[in-house]
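Okay, here's what each chain looks like letter by letter:
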Amino acid sequence: MTQFAFYYVGIGAAVFLLGYFQISLWVTAAARQIQLIRRMYFSKVMRMEIGWFDCTSVGELNTRMSDDINKINDAIADQVAIFLQRFTTFVCGFCIGFVKGWKLTLVIVAASPLIGIGAGLMALFVAKLTGMELQAYAKAGAVADEVLSSIRTVSAFGGELKEVQRYDRNLISAQRWGIRKGLIMGFFTGYMWLIIFLCYGLAFWYGSSLVVDAKEYTPGTLLQVFFGVLIAAMNLGQASPCLEAFAAGRGAATIIFETIDRVRMLDVIILHLFDPYKVQCFQRKPLPLTDKSHFSNLSVAVKSGETTAFVGPSGAGKSTAIQLIQRFYDPKEGMVTLDGHDIRGLNIQWLRSLIGIVEQEPVLFATTIAENIRYGRPGVSMEGIITAAKEANAYNFIMDLPQKFDTLVGEGGGQMSGGQKQRIAIARALVRNPRILLLDMATSALDNESEAIVQEALDKVRMGRTTISIAHRLSTIKNADVIVGFEHGRAVERGKHNELLERKGVYFTLVTLQSQGDKALNEKARQSRASIRQRSRSQLSNLIPESSVSIDAVPEEEDDEPVEPAPVTRILKYNIPEWPYMLFGSFGAAINGGVNPVYSLLFSQILATFSVTDPVAQRKEIDGICLFFVMVGVVSFFTQMLQSYAFSKSGELLTRRLRRLGFHAMLGQEIGWFDDHRNSPGALTTRLATDASQVQGATGSQIGMIVNSLTNIGVAVLMSFYFSWKLTLLILCFLPFIALSGGFQAKMLTGFAKEDKQAMETAGRISGEALNNIRTIAGLGKERSFVDMYDAQLDAPYQAALKKANVYGACYGFAQCVVFLTNSASYRFGGYLVRQEGLHFSLVFRVISAIVTSGTALGRASSYTPDYAKAKISAARFFQLLDRVPKISVYSDKGDKWDNFQGNIDFIDCKFTYPTRPDIQVLNGLNVSVKPGQTLAFVGSSGCGKSTSVQLLERFYDPDHGKVLIDGHNSTHVNVPFLRSKIGIVSQEPILFDCSIAENIKYGNNLREIGMNEVISAAKKAQLHDFVMSLPEKYDTNVGAQGSQLSRGQKQRIAIARAIIRDPKILLLDEATSALDTESEKTVQEALDKAREGRTCIVIAHRLSTIQNSDIIAVMSRGFVIEKGAHDQLMALKGAYYKLVTTGAPIS
C-alpha cells in the first residue's frame, strides 16, 4: 500500500513539472508572435492612405488591435497545449481499454455514439434557436434603433409610451425562443446524463458477468477498463472548447493578415529630383470624385509667394482641395501639379515636408509644448522652437506658464484654450520653414481677442511663402492677393476683394450677411458691458488654461467609466414575479447536485459485491445496482429539464422586463443626453441587446449552479461522515486545494486577460491617439515616430506575458497534481484503516470518490464567476440608466398646464450652448416675440441659431441664460407633454416610421385613438389625399424604413398631415420646403399656407418667396436678431435683408 502511495506522489511531481513546461513554453511562444503581429499591423496601418481611414472607423481599428489580436493569442497559446494533452489522454485511455479487456471496451464504445449524437443535436438546435432568438430580437432592435435615431420626432409628437409598447410587443417572440432554447438544452443535457447512467449500468452488468460467470476478468481489470474508457471519453469532450478558440483565432487572424498584406495605393515613391525653391505654381485640373461629387471640374492656379484665399459655403470643396495638395487623396481625373510636376510622381514624405498646415481644430499630441512643436521638424534645436513660438505669437503665453515649454498640453491638447492650441499649431507649422502654408480656417473657433492675435501671427508668417487660406470670417481674407469663390465643387469666381464685391456672387452674399452681423455684435457689446467680461476672460485665458476640453479629446475612456457592480439583491428584486419558477428550478438543481455522490455510492457498492461469496445473492445485488443506475438516469433526465426550463423562463422574463424598462428610461432622457456620442443610437441599442441579456447570468442559471454545487458537496460530506469519519476528515484537509485548483483553472482562463489589458493601455493610448489624428500625423510626416513609440510600449506587455507564462504554468501544474497527492494520502490511510479497524474496503472507495468528485464540482462552480461578475457590471450599467434623472422629464406630471392655450411666444435674452459643444455659443441673447396667430420667419446663414431657437421652444433643451415665455409661463416650469401636445413641427428632413401612411399620420396625436375620417381630412388639407388614393393599397401603403419608398415631396406632405392632425396651437416649419423641386414646392407651400391659418407659426426658410408674407421677419446672425419687422419695413431699412432680396443672392 505504501509503495502505491509513493507511486502516486511520484506521478504527482512529474505531472507538476510537465504541466509547468507545457503551459509556460507555449504561452511564451505565443507572446513573441503576438508582439510581432501587433508591431507589423500597426506599422502597416500607419502607412495606409487617408482614403482607407475614411472607410475604416478608428473604433474598429482599435478593437482589432486589442480584441482580435487577443483572440489570435488565445488560439496559439495554452489552448494548443491543453488540446494536445486532452487528445493524448483520449487516445491512451482507449488503448488501455482495448489492451486490458477488449470485450467490455467494445460494449462501452457501442453506446457512445448515442452521447455523440445527443451532443451534436444539442449544438445544432441551440445554434438554430439562438439564431431564431436573435432574429426575433433583431426586430425589436430595429424598432429601438429606428426610435432612437429619430428621437426628436418621437419627443415632438409625444410618442414615447407608444414606442415602448411597440418595442415590448416585439420582445415577446424573442422571449419565446429563449425559453424554447432553455427547454431544449435541458432536454439534451438530461438525455446525455440518462445515456451515461444507462451506459454505466450496462457496463457493470456485462463486466460483472465477465468477472463472475466467465471468470475472464479480475475485478481490477474491470476497473482499469472502465476508468480508461470513461476518462478518455471525458477528455474528448473537454477538448472541444479548444477547437472553438482555434476557430475564433483563425477568424480574427484573416482580417488582421489581410491588412498586413494589403498594398497601399499611394505608397512612398522615392524621387528627389529637383530643387524645392523654384517657383511653385499649382494647377488643379478637373477632379470629379465619385460618390457625392465634391469636385466637378475644379481648376485653380496658385502662384508662388502669393496668398490665395478659398471662400464658399460649407461643403463646397475647399478643404478637399487642400487635402489633394497634401496628397491625402488622389483626384479621379485631372491632376495637381507642383512646379509643373504632377505630385503623384513626387515622394510623399518629401512633398509633405514642404507643406505646413494649420487646421481649424488643431490636433496636439499628449506631450509637452516643446515636443509638440518639435513634431514639425525632428531634431530642431531649442532656439528654433523659441523662434517659431515667437513668430506664432505664442512665446509670451508659454513663458507665463509655470513649466514654460515643458508644460504638458493634455490629451488632445485639452489643457490649452482654443487660441493657445492654434498658436502652438502655427509654431509647429513654422518650425518646418515650409515653402507652402495651408491655413484651413485657422481662426474660426476663436473669440475676437485671440483671433486678432492669431491673425497677426498668420500675417507675419505669410510673407514670402505660397499660402492658401480657407476662411469663413471675411475680415481675415480681405488682404489676400487672390480670392477664389467655391460653390458645389467648382471655383466659380476669382479676383481681389473689391472686384468680387462688384460681381454680387457667392463672395458678396457671405460678406453682406457677415458685416451686418459683425456690426450688430459690436453694437451689442457696447450696449452691455459684456465686452469687458469678454476681454478679461480672453486675457485670463492666456494665463489660466481653460478647461473646455473638447469632446473628442477622450477617445480612449469612453465606454469604461468605472461602475460599481450592482448588488445581487437589486437584480433579484426585478426577478421577484418569477419566484415559483426559481423555486422549482432550485429544486431540480438540488436533485441534480445529489446525483454525483449517489453515483460514487453505487460505484463502490459494485466493488463490494465482488467480495460476496454466495453467487445467487451476488447476482441479485449486481442486478439491483444496475437497475438503480437506470433509475438515477431517469430522475436526472427530468430534473435537468426542470432546472433548465425553469431558469431560462425566469431569466428570459427578466431580460424582457429589463429591456422594456431600459428602453422606457432611454426615451425619458432629455435630448441633450442623446447628443453625447456615448449615447448614439447604435451604442444604446447594443446596450439594450447585450447588457439586459447578460444580467441573466446573475440570477437564473447562476442560482442553479450554486444550489447544484452546494447540494453536491453537502450530500457527499454527509455520506462520507456516515461511512467513515476518520478518512473523511483526512480528505477534507485536501478539499480546499482541490477546490482551489478548480478555481485556479477557471481564473487562469479569464483573469489574465485583465492584466494584459492594463499592460496594453499605454500602447493602446498611443495607437488611439495616432489613429484619431492620422491626418495631422500624415501631414507632418510623423508616421514612423509613432510606430517607434508604439513598439517601445509593446515591451512591457511582452515582459508581463513572459512572467505570466511562468505563473500560469506553475498554477496549471499544481492543479493537475493535487488530485494525485490527495489520492496518495487517502489510499494510504484507507489501507491502514482497513487493516487496523476492519473498515470494509468498499467504503474506502466510497468516501474517496464521493469527496473527490464533489471537490471538482466546487471548482466548477467557482468557474462560473466570470459570467457572474459580468452580469453584475452589466446590471450596474443598466441601473445607472434607470436611476438617471433627466434634466427635462417627459414622464412627470409636474409643471404648469392651462386651459385657454393662446400660443403667445417670447424669447427673452436667450443664451445657449449645446451640451456637447460647450465652447461654441449658439444663441447669444435672442430677443423676439410672436403674438397668437402671427407668423414669424427666421432668416440667416446656417449655424446662426435658427433651428436651435425652435428646439428651445419644443423644450428639447432649456436655455442656459434668459427665458422662453409661452403665454407668459416660463417654459422651464411648463409640463413637457402638455407643451409638446400644443406644438406641431414639420422639419427639413421629415422622419417617417416604418409603418403605413395612415399610422404615420395618426402618429401626430398619440393621446387618443384617431378615426380614419380625421386622417383623410388632414390628408386633404395637406394636399396629400389624391396622391394616396392613386396608390394600390391607399392609406395602408407601407412607407419603408424612414419613408424610403416615397419621394421628398410626398414625405413632406405626410409630415404636414401629421402636424395638422395634432391640431396644434403653434406650428413650427423648419425649412419645410427647402429640399423640394419647384413643382412639389408649390404644392407643399399651398398645404403649409392652409395649415398656418389661425395658428401661431414660426418659419425657418432659405427661399425668400416662402417668407415674404410673414408678419414678422427676423434676420439672425451669430445667435441673435440683427433686424426684424415685416417685409416692407425691412426693405425700407435697406439693411441686410434688403441686400439679400435685391441681389437675389441665396441666403445660406
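What you see is a predicted model; the values in this text were computed from it and never measured.

A. Seen up close, the overall build of the protein. In terms of regular secondary structure, the protein is built from 38 helices and 20 strands. Counting only residues that meet the buried cut, the protein has 52% of its 1148 residues in that class. In the protein, of all internal contacts separated by at least 6 residues, the share reaching a separation of at least 24 is 80%. Surface summary for the protein: the accessible area is close to 50,700 Å², and the carbon and sulfur share equals 59%.

B. Structural detail: the layout of surface pockets. Here the second largest pocket is characterised by a volume of approximately 970 Å³. Residue lining of the second largest pocket: 38 residues in total, with Gly158, Lys162, Asn1005, Asn1006 and Leu1007 positioned closest to the centre. Elements that contribute at least two residues to the lining of the second largest pocket include exactly α7 (160–212), α31 (976–981) and α32 (997–1002). For the lining of the second largest pocket, the element with the highest residue contribution is α7, accounting for 7 residues. For the lining of the second largest pocket, the per-class residue count stands at 12 nonpolar, 9 polar and 17 charged.

C. Structural view of a nonpolar patch on the surface. A surface patch of nonpolar side chains, about 440 Å² in accessible area, is lined by Leu114, Ile117, Leu121, Leu124 and Phe125. By the element assignment, Leu114 lies in helix α5 (residues 102–149).

D. Structural context of the side chain of Arg846. Of note, Arg846 is situated in helix α28 (residues 841–862). At 7.9 Å, Glu621 is the nearest oppositely charged side chain to Arg846, a buried residue that forms no salt bridge. In this view, Arg846 contacts Ser600, Leu601, Ser604, Gln605 and Phe723; residues no more than four positions away in its chain are not counted.

E. Just the packing of aromatic side chains, in detail. Considering all chains together, one arrives at 32 aromatic pairs under this definition. Chaining the aromatic ring pairs together yields one cluster made of Phe83, Phe87, Phe90, Phe94, Phe98 and Phe246.

F. Here's a closer look at the nonpolar core. The biggest cluster of nonpolar side chains holds 74 residues, and the ones touching the most others in it are Tyr167, Phe663, Phe907 and Leu953. Counting residues per element, this core draws most heavily on α5, at 7 residues. Ignoring sequence-local partners within four residues, the contact set of Tyr167 consists of Tyr137, Ala140, Val143, Ala144, Arg659, Arg660, Phe663 and Leu688. The next biggest cluster of nonpolar side chains, apart from the first, holds 42 residues, and it includes Val1015, Val1028, Ile1061 and Ala1136.

G. Representation of the sheet that holds strand β7 (residues 436–440). On the basis of which strands lie adjacent, the open sheet formed by 6 strands has the order β6-β7-β8-β3-β9-β10 and mixed pairing. The two strands at the open ends of the sheet, each matched to only one other strand, are β6 (355–358) and β10 (490–495). Sheet twist, expressed as the mean angle between neighbouring strand axes with direction ignored, is 20°. Relative to strand β8 (residues 466–470), strand β3 (residues 307–311) runs parallel, the two being bridged by 4 bridges. By the bridge assignment for β8, Ala309 is matched with Ser469. Where helix α9 (residues 318–325) meets the sheet, its contacts fall on β3, β6, β7, β8 and β9 (482–487), and the angle it forms with β8 comes to roughly 150°.

H. Expanded view of the sheet that holds strand β20 (residues 1120–1125). In space, the 6 strands of this open sheet follow the order β16-β17-β18-β13-β19-β20, with mixed pairing throughout. Edge strands, defined here as strands with exactly one partner in the open sheet, are β16 (983–986) and β20. Averaged over all neighbouring strand pairs, the angle between strand axes comes to 20°, with direction disregarded. Against the sheet, helix α30 (residues 946–953) touches β13 (935–940), β16, β17 (1066–1070), β18 (1096–1100) and β19 (1112–1117), its axis set at about 150° to β18. On the sheet, helix α35 (residues 1048–1061) packs against β16 and β17 and is oriented at approximately 180° with respect to β16.

I. Highlighting the packing of helix α1 (residues 2–46) against helix α8 (residues 219–261). Axis separation between α1 and α8 bottoms out at 9 Å; the angle between their running directions is 50°. Between α1 and α8, the angle is such that the two are oblique. The handedness of the crossing between α1 and α8 comes out as left-handed. Every residue of α8 that contacts α1 at Ile37, Met40, Tyr41, Lys44 and Val45 is listed here: Ile256, Phe257, Thr259 and Ile260.

J. Highlighting the pattern of salt bridges. Per the counting criterion, the structure on display carries 11 salt bridges. For Glu670, the salt bridge goes to Arg884, with nearest N and O atoms at 3.2 Å. Here Glu670, found in the loop between α21 (615–667) and α22 (671–675), pairs with Arg884, found in the loop between α29 (865–883) and β11 (905–913); they are 214 residues apart in sequence, far enough to count as distant. Overall, Arg884 belongs to the partly exposed group, its relative accessible area being 26%. Overlapping salt bridges bring together Glu146, Glu163 and Arg166 as one network.

K. Representation of α5 within the structure. Compared with an ideal rise of 1.5 Å per residue, which puts 48 residues at 70 Å, α5 spans 67 Å between its outermost C-alpha atoms and is within 8% of the ideal. The largest bend in α5 comes to about 25°, at Ala111, with the proline Pro113 one to four residues further on.

L. Structural detail: the side chain of Asn823. Along the polypeptide, Asn823 turns up in helix α27 (residues 783–837). A relative accessible area of 13% means that Asn823 is categorised as buried. Not counting chain neighbours up to four residues away, the residues in contact with Asn823 comprise Tyr8, Ile848 and Val852.

M. Focus on the pairing of β8. Summarising burial for β8: 5 of the 5 residues are buried, a large majority. Of the two faces of β8, the one lined by Thr466, Ile468 and Ile470 and the one lined by Thr467 and Ser469 are each fully buried. Strand direction decides the pairing type here: β7 and β8, joined by 5 bridges, are parallel. Counterpart to Leu438 in the pairing with β8 is Ile468.

N. Focus on unusual backbone geometry. Positive phi is not limited to glycine here, since Asp909 has a value of about 45°. With relative accessibility at 26%, the residue Asp909 sits in the partly exposed group. You will see that Asp967, though not glycine, has its phi angle at about 50°, which is positive. Inspection of the secondary structure assignment puts Asp967 in the loop between β14 (961–966) and β15 (969–970). Residue class for Asp967 comes out buried when judged on its relative accessible area of 17%.

About the thresholds
- Residues numbered from 1 in each chain as written.
- Predicted model: local features only at pLDDT ≥ 70, side-chain atom pairs only at ≥ 80, totals over all residues.
- Heavy atoms only, no water.
- Helix = DSSP H or I, 4+ residues; strand = E, 2+ residues; numbered from the N terminus.
- Buried < 20%, exposed > 50% of the residue type's maximum accessible area, 1.4 Å probe, protein only.
- Contact = heavy atoms within 4.5 Å.
- Areas by Shrake-Rupley, 256 points an atom, 1.4 Å probe, with all protein chains shown as cover.
- 1 Å grid on protein atoms, 1.4 Å probe; cavity = no way out; pocket = protein on both sides within 12 Å on 5 of 7 lines; lining within 4 Å.
- Points joined across faces, edges and corners; volume = space filled by probe spheres on them.
- Nonpolar A, V, L, I, M, F, W, Y, C, P; charged D, E, K, R; others polar.
- Patch = residues over 30% accessible without salt bridge, like charges linked within 9 Å, V, L, I, M, F, W, Y side chains within 5 Å.
- Salt bridge = Lys/Arg side-chain N within 4 Å of Asp/Glu carboxyl O.
- Lys, Arg positive; Asp, Glu negative; His and termini not counted.
- Phe/Tyr/Trp six-rings, centres within 6.5 Å; stacked < 30°, edge-to-face > 60°.
- Core = buried A, V, L, I, M, F, W, Y, C linked by side-chain atoms within 4.5 Å.
- Pairing = 2+ DSSP bridges.
- Axes fitted to C-alpha atoms, helices over the stretch in contact; angles between N-to-C directions.
- Parallel < 35°, antiparallel > 145°, perpendicular 65-115°, else oblique.
- Left-handed = near helix turned anticlockwise from the far one by under 90°.
- Expected span 1.5 Å × (residues − 1).
- Bend = angle between axes of the 7 residues up to and from the residue.

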